[in-house]
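The chain contents come next:
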Amino acid sequence: MHMATKDEIRKQMREQRRHVDETSRKTTGKAVCEKVIGHPVNLLTRAWRVCIYLSVKSEVPTRYIARALWDAGREVCVPAWSRSEQTYKLYAITPKTKFVEGKMGVREPLVREPVLPWEVDAFIIPGLAFDRCGGRLGYGAGYYDQILSKAAKSAPKIALCHDWQLREEPLPQDEHDIPVDWVLSETHAVNCAANRLTRTRSPS
């Protein structure tokens, strides 16, 4: 039986993503925000500084989460391209931050206030596909894995996606791929860290 490669799954997911309209994007964004900051599982209870992404195209929007964090007096940062280091670094944003279009059309803060990955208490991350044990398929460049590899072990990694991006079969993963701890979609809240523990304890 042919196991789909990362590139094959990426192509399939990008094709499906083209059909996501703005209404369903907003609906999913609000539903997912409720799962992140609502009850019974408030994943950001102990998080003072949270890294989010600034959504593009059909990604689940994060503005609802950012607003809730600022209302609660928390700090927010985002990845942005560092021209000097030719990679993505983290920078603080506030409700008054002005943005410019950056690499690959992603909005970036105009004024750069650096944040170190190990100073972040929780990460909200995008991707093309996820499985129930936290396997993540990103866009192929590995930038998020580089940032997450420097994060504190205690900082939860929370992926946001549409229902159709959550796959039942395990995704192909490489040694450097960093799994997420939770996958949240409009109708699912998957505790991937717990699923990994269960899998590890199960007799082979």
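Residues numbered from 1 in each chain as written. Predicted model: local features only at pLDDT ≥ 70, side-chain atom pairs only at ≥ 80, totals over all residues. Heavy atoms only, no water.

## Considerations on the overall build of the chain
Okay, step 1: Looking only at helices and strands, one finds five helices and 13 strands in the chain.
Okay, step 2: By the compact-globule yardstick of 17 Å for 204 residues, the chain fits well, its C-alpha radius of gyration being 16 Å.
Okay, step 3: Its C-alpha atoms give the chain principal-axis dimensions of roughly 50 × 35 × 35 Å.
Okay, step 4: Within the span of the chain, comprising 204 residues, buried residues form 48% of the whole.
Okay, step 5: Sequence separation of 24 or more characterises 68% of the internal contacts of the chain that already satisfy a separation of 6 or more.
Okay, step 6: Carbon and sulfur atoms form 53% of the exposed surface of the chain, whose accessible area is close to 11,300 Å². (Helix = DSSP H or I, 4+ residues; strand = E, 2+ residues; numbered from the N terminus. Rg over C-alpha atoms; globule rule 2.2 N^0.38 Å. Buried < 20%, exposed > 50% of the residue type's maximum accessible area, 1.4 Å probe, protein only. Contact = heavy atoms within 4.5 Å. Areas by Shrake-Rupley, 256 points an atom, 1.4 Å probe, with all protein chains shown as cover.)

## Considering the sheet that holds strand S8 (residues 129–131)
Okay, step 1: With mixed pairing, the three strands of this open sheet are ordered in space as S9-S8-S11. Lying at the two open borders of the sheet, with one neighbouring strand each, are strand S9 (136–137) and strand S11 (166–167).
Okay, step 2: Pairing analysis gives two bridges linking S8 to S11, with the strands arranged parallel. Paired with Asp131 across the strands is Arg167, a residue of S11. (Pairing = 2+ DSSP bridges.)

## What about the nonpolar core?
Okay, step 1: If you look at the biggest cluster of nonpolar residues, it comprises 48 residues, and the most contacted ones within it are Leu44, Phe123, Ile124, Leu160 and Val183.
Okay, step 2: Apart from the residues within four sequence positions on either side, Ile124 is in contact with Val36, Val50, Cys51, Ile52, Tyr53, Thr62, Ile65, Tyr144, Ile158 and Leu160.
Okay, step 3: Counting residues in hydrophobic clusters, the runner-up holds six residues, among them Ile9, Met13, Leu128 and Ala129. (Core = buried A, V, L, I, M, F, W, Y, C linked by side-chain atoms within 4.5 Å.)

## A closer look at helix H1 (residues 6–17)
Okay, step 1: Counted at 1.5 Å a residue, the expected span for H1 with its 12 residues is 16 Å, and the 16 Å between its end C-alpha atoms agrees.
Okay, step 2: Residues of H1 that are buried include every one of Lys6, Ile9, Arg10, Met13 and Arg17, and no others. With its buried residues spanning 105° around the axis, H1 presents them on a single face. For H1, exposure combined with an orientation more than 90 degrees from the buried face picks out Asp7 and Lys11.
Okay, step 3: In this fold, the buried residues of H1 make contact with S8, S9 and S11. (Expected span 1.5 Å × (residues − 1). Arc of directions from axis to C-beta.)

## With respect to the pairing of strand S3 (residues 87–93)
Okay, step 1: Most of S3 is tucked away, with six of its seven residues classed as buried.
Okay, step 2: Alignment of strand S2 (residues 75–82) against S3, held across seven bridges, turns out to be antiparallel. Its bridge partner lying in S3, Val76 is registered against Ile93.
Okay, step 3: Adjacent in sequence and paired antiparallel, S2 and S3 are bridged by four residues, among which Gln86 carries a positive phi angle near 55°.
Okay, step 4: When S3 meets strand S6 (residues 114–115), the two strands line up antiparallel, connected through two bridges. In the sheet register, Leu90 faces S6, and the bridge partner there is Val115.

## A closer look at the confidence of the model for the chain
Okay, step 1: Of all residues in the chain, 94% attain a pLDDT of 70 or more, and the chain-wide mean is 88.
Okay, step 2: The element-level mean pLDDT for the chain is lowest in H1, coming to 77, with S6 highest at 98. (pLDDT = per-residue confidence, 0-100.)

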